[in-house]
2 protein chains.
Amino acid sequence: MTTITQTMLETIEEELQRQVARLDQPRTKEFHDMLTYHMGWTGAGAGPLATGKRIRPLITLFSVASCLSKSDMKEIKGLNWLHAKSAAAAIELIHNFSLVHDDIQDNSNLRRGRQTVWVKWGSPMAINAGDALFVIANQAVLDLAEYYPAEIVVGAAKILNDCCLDLTRGQFLDMSYEERTDLTMEDYWPMIGGKTSALLSACTHIGSLLGYAKESEQEAYRLFGYHLGLAFQVQDDILGIWGDESVTGKSAASDLVEGKNSLPVLFALGKNGKFAERWRQGPITYADVGVVSALLVDEGGREFAEKMSELETQKALGYLRQADPQGETGQAMLELANMLLKRNQ
Amino acid sequence: MTTITQTMLETIEEELQRQVARLDQPRTKEFHDMLTYHMGWTGAGAGPLATGKRIRPLITLFSVASCLSKSDMKEIKGLNWLHAKSAAAAIELIHNFSLVHDDIQDNSNLRRGRQTVWVKWGSPMAINAGDALFVIANQAVLDLAEYYPAEIVVGAAKILNDCCLDLTRGQFLDMSYEERTDLTMEDYWPMIGGKTSALLSACTHIGSLLGYAKESEQEAYRLFGYHLGLAFQVQDDILGIWGDESVTGKSAASDLVEGKNSLPVLFALGKNGKFAERWRQGPITYADVGVVSALLVDEGGREFAEKMSELETQKALGYLRQADPQGETGQAMLELANMLLKRNQ
């Protein structure tokens with residue numbers, strides 16, 4: 001890891017703690033505890049594995065820094081990526097707000113190997129804890145006013161909230177698909193566009209805005225983030241069925257057992273062949289997994305998903321070249337993108 | 001009702017519908033339906049009784065209009081209360097976001113006489129519907145940028161989100177009090193400060209900001225809203241125990257049966273007398289209500305709450321005099337405050 005990446009990660013963690021400390025008051029101590037627990041700082045299992053990788057705020061700051069390093073506008077004299085830290089924190093808080101609510105909605109007991117907030121404190125408290133993370137995310141993005149002109153703060157807050165509405169749209173689609181057996185590929189992209197790509201595109205879009213990039217450049221950054229999200233999600237879908245258990249840390253084919261509407265599955269459902277027939281008969285057990293995943297391969301689901309993943313990866317890298325990020329952070333962002341897009345975990 | 005009040009109420013309703021229409025797309029039709037149902041526009045029982053009274057956005061627009069009518073700043077040339085309509089909508093959306101989540105948290109089946117969102121669509125969808133109302137509230141306040149300078153938009157968004165964090169604090173306290181039997185009056189004010197007063201003070205604060213009031217005047221408006229909220233809540237607590245069933249529409253003393261930590265109750269718990277002894281023995285049934293509410297009167301709980309309500313009413317009206325709202329809307333706001341503070345329903 002490069003020095004700048006390490007410095008940024010430390011800055012992100014400090015800024016997140018500073019933002020969440022808004023609830024660190026005697027009367028709301030337990031409330032604050034819920035948030036610091038979820039963020040991975042306190043409680044059983046606290047530590048780097050519990051915090052997650054902070055990829056989203058990191059991409060945000062990479063975008064800021066690599067835009068600033070090639071800008072020659074006089075407005076940015078004395079400005080550096082540090083001044084955008086509250087926006088990076090805002091994005092990570094949005095991500096975590098959605099995780100806290102997701103875990104309730106999906107009835108998930110574990111998150112990053114630890115008990116979820118609703119399991120520890122009950123659903124009513126967990127709903128409120130997620131709400132608080134969302135509020136603090138908005139407060140964090142407005143904190144930009146300390147270093148940025150108000151027009152830019154309003155712009156960043158708009159991008160953030162437009163992205164949040166997309167998150168709720170994606171979540172709605174995901175939940176509404178659960179009981180449907182008539183889905184096709186057409187139903188896939190709007191769902192993952194909301195659930196995965198919206199937030200990643202907000203990272204690169206807000207980052208380039210705060211790096212004073214010109215509009216066409218902001219658009220390239222935005223689209224890089226968007227297609228990075230799509231490519232990442234499709235790969236995740238492939239790994240959820242055919243991934244190496246020892247690498248992914250999940251049981252192979254667990255997505256099939258959980259009935260997840262992943263791209264290979266939706267592709268094959270559209271074919272209306274043997275796979276579709278089996279899928280519509282009801283839940284797949286671990287004993288069925290071998291046969292069912294072989295049907296998916298036979299009917300082209302795996303091949304199609306791999307093609308789509310490659311296509312979206314090429315689009316993402318194409319927009320990244322167009323964005324042309326500069327300097328040490330530009331290089332770090334390219335490496336991070338490659339790591340995410342060619343990951344085998 | 002005066003003409004201006006009627007015009008404002010119509011404007012508020014139109015603006016709310018326009019904001020919520022962000023989800024009115026073919027793929028998210030059912031999602032949009034959840035929001036329009038909750039807002040009282042569609043589904044069984046839709047209509048004026050289902051929408052609620054829109055008191056908060058109305059107070060917001062009264063504040064804007066009565067400040068504008070006495071301002072002589074050149075910035076406000078051509079500006080009128082209509083330009084603040086998206087902020088008024090934002091506040092009502094925040095109120096409704098909190099109601100949707102409250103109903104899940106409290107396990108409430110009915111809201112304004114209709115099935116709650118979670119009863120109709122399940123908790124996971126209702127959590128997401130509440131989240132969407134919250135996001136749209138933020139988008140609505142940022143829409144002010146069409147008519148206001150960005151500094152003012154940022155200011156309004158900050159007030160709104162600071163208030164939202166107070167709402168989550170109040171909600172946390174309310175929920176954490178449920179299992180406690182050691183509460184006293186000291187625990188009351190921070191809870192209702194968050195749950196009731198924060199949003200009302202945001203109405204008058206944002207309203208006066210958008211009416212270009214000077215800072216000292218904004219502070220008077222803010223405090224008027226804050227104490228209006230406290231007075232209103234204490235009165236609500238009194239009516240929840242001793243209110244006239246035929247006027248309140250709730251069973252008399254239902255707050256005692258529900259174990260609500262209201263001001264008369266917390267006052268008497270602090271006395272540690274016969275009432276406290278009975279309260280700590282467990283739930284009160286409708287058969288016990290006569291005896292228990294008489295204990296509350298004997299131990300001074302009713303008298304204390306009535307004194308506090310009067311005190312907060314006087315504070316609210318004092319700040320309103322200091323704010324000195326002008327014009328037709330100033331008069332309408334005074335009437336609305338009197339209606340709320342002296343209400344017997």
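For the structure, see preceding data.
Fair warning: this is a prediction, and the values are worked out from it, not measured in the lab. (Residues numbered from 1 in each chain as written. Chains lettered and ligands numbered in written order. Predicted model: local features only at pLDDT ≥ 70, side-chain atom pairs only at ≥ 80, totals over all residues. Heavy atoms only, no water.)

Focus: the interface of chain A and chain B
Accessible area lost during the coming together of the parts is what is often quoted as the interface size. The condition that has to hold: Note on definitions: a residue-residue contact is assigned when non-hydrogen atoms from the two residues lie within 4.5 Å. Here the buried area means the combined drop in accessible surface, using a 1.4 Å probe, for two parts upon being joined, counting both sides. We count a salt bridge whenever a side-chain nitrogen from Lys or Arg sits within 4 Å of a carboxyl oxygen from Asp or Glu. Under the rule applied, a polar contact is a pair of N or O atoms within 3.5 Å (in protein, one hydrogen donor and one hydrogen acceptor; residues adjacent in sequence only if both atoms are side-chain atoms). Segments assigned H or I by DSSP are reported as helices when at least four residues long, segments assigned E as strands when at least two residues long, and all are numbered from the N terminus. Each residue gets one of three labels, nonpolar for Ala, Val, Leu, Ile, Met, Phe, Trp, Tyr, Cys and Pro, charged for Asp, Glu, Lys and Arg, and polar for the others, Gly among them.
Taken together, the contact pairs 46 residues of chain A with 46 residues of chain B. Here chain A and chain B share an interface that buries about 4000 Å² over both sides, 70% of which is from carbon and sulfur atoms. Looking only at chain A, the three residues that lose the most surface to chain B are Arg27, Leu142 and Phe172 of chain A, adding up to 17% of its buried area. On the surface where chain A and chain B come into contact, there are 2 salt bridges. Here arginine 27 of chain B makes a salt bridge to aspartate 187 of chain A, at a shortest N to O gap of 3.2 Å. Where chain A meets chain B, there are 16 residue pairs in polar contact (both at pLDDT 80 or more). Among the secondary structure elements, those contributing two or more residues to the side of chain A that touches chain B are helix H2 (29-38), helix H5 (85-105), helix H7 (123-142) and helix H8 (150-177) of chain A. If one sorts the elements of the side of chain A that touches chain B by residue count, H8 of chain A sits on top with 18 residues. For the side of chain A that touches chain B, the class distribution of residues is 25 nonpolar, 11 polar and 10 charged.

Considering helix H16 (residues 301-323) of chain B
All names here are of chain B. Heads up, the condition is: For a helix, the expected span equals 1.5 Å multiplied by the residue count minus one. For each residue, the accessible area found with a 1.4 Å probe, counting protein chains only, is set against the maximum for its type, and the residue is called buried under 20%, exposed over 50%, and partly exposed in between.
Taking 1.5 Å of rise per residue, 23 residues should cover 33 Å, and H16 covers 33 Å from first to last C-alpha, within 8% of that figure. For H16, the full list of buried residues reads Gly301, Phe304, Ala305, Met308, Ser309, Glu312, Thr313, Ala316, Leu317, Leu320 and Ala323. Residues of H16 that are buried sit in contact with helix H9 (188-210), helix H10 (215-242), helix H13 (263-271), helix H15 (289-298) and helix H17 (327-341). Where H16 ends, the next residue or the one after it, aspartate 324, has phi of about 55°, a positive value.

Quick notes on the environment of glutamine 233 of chain A
Residues and elements named next belong to chain A. Locating glutamine 233 in the fold gives a position in helix H10 (residues 215-242). On the basis of relative accessibility, which here comes to 13%, the residue glutamine 233 falls in the buried class. As for glutamine 233 and valine 64, which are separated by 169 residues in sequence, their C-alpha atoms are 24 Å apart. Not counting the four nearest positions on each side in its chain, glutamine 233 is found in contact with Tyr188, Ile192, Thr196 and Lys260.

Observations regarding the packing of aromatic side chains
Residues and elements named next belong to chain A. Selection criterion: Each Phe, Tyr or Trp ring (for Trp, its six-membered ring) is paired with any other whose centre lies within 6.5 Å, and the angle between the two planes then decides the class: stacked below 30 degrees, edge-to-face above 60, tilted in between.
Inspection of the entire model under this criterion finds 15 aromatic pairs over all chains. Aromatic side chains tyrosine 37 and tryptophan 121 sit 5.6 Å apart centroid to centroid with 75° between the ring planes, which places their arrangement in the edge-to-face category. On the criterion of sequence distance, the pair formed by tyrosine 37 in helix H2 and tryptophan 121 in helix H6 (residues 117-121) is long-range, its members being 84 residues apart. Taking the centre distance of 4.5 Å and the plane angle of 15° together, the rings of phenylalanine 267 and phenylalanine 304 count as stacked. Here phenylalanine 304 lies in helix H16 (residues 301-323) and phenylalanine 267 lies in helix H13 (residues 263-271), a separation of 37 residues in the sequence.

Here we look at the relation of the copies chain A and chain B
To keep it simple, the criterion reads: We superpose the copies by least squares over the C-alpha atoms of residues that have a pLDDT of at least 70 in both of them.
At an RMSD of 0.0 Å, chain A and chain B line up after a rotation of 180° and a shift of 0.0 Å along the axis. Here the copies are linked by what is in effect a two-fold axis. In terms of proximity to the rotation axis, the leading residue of chain A is alanine 150 of chain A, whose C-alpha is 2.6 Å off the axis. Both copies contact each other with a shared surface, as 100% of the interface residues of chain A are interface residues in chain B too.

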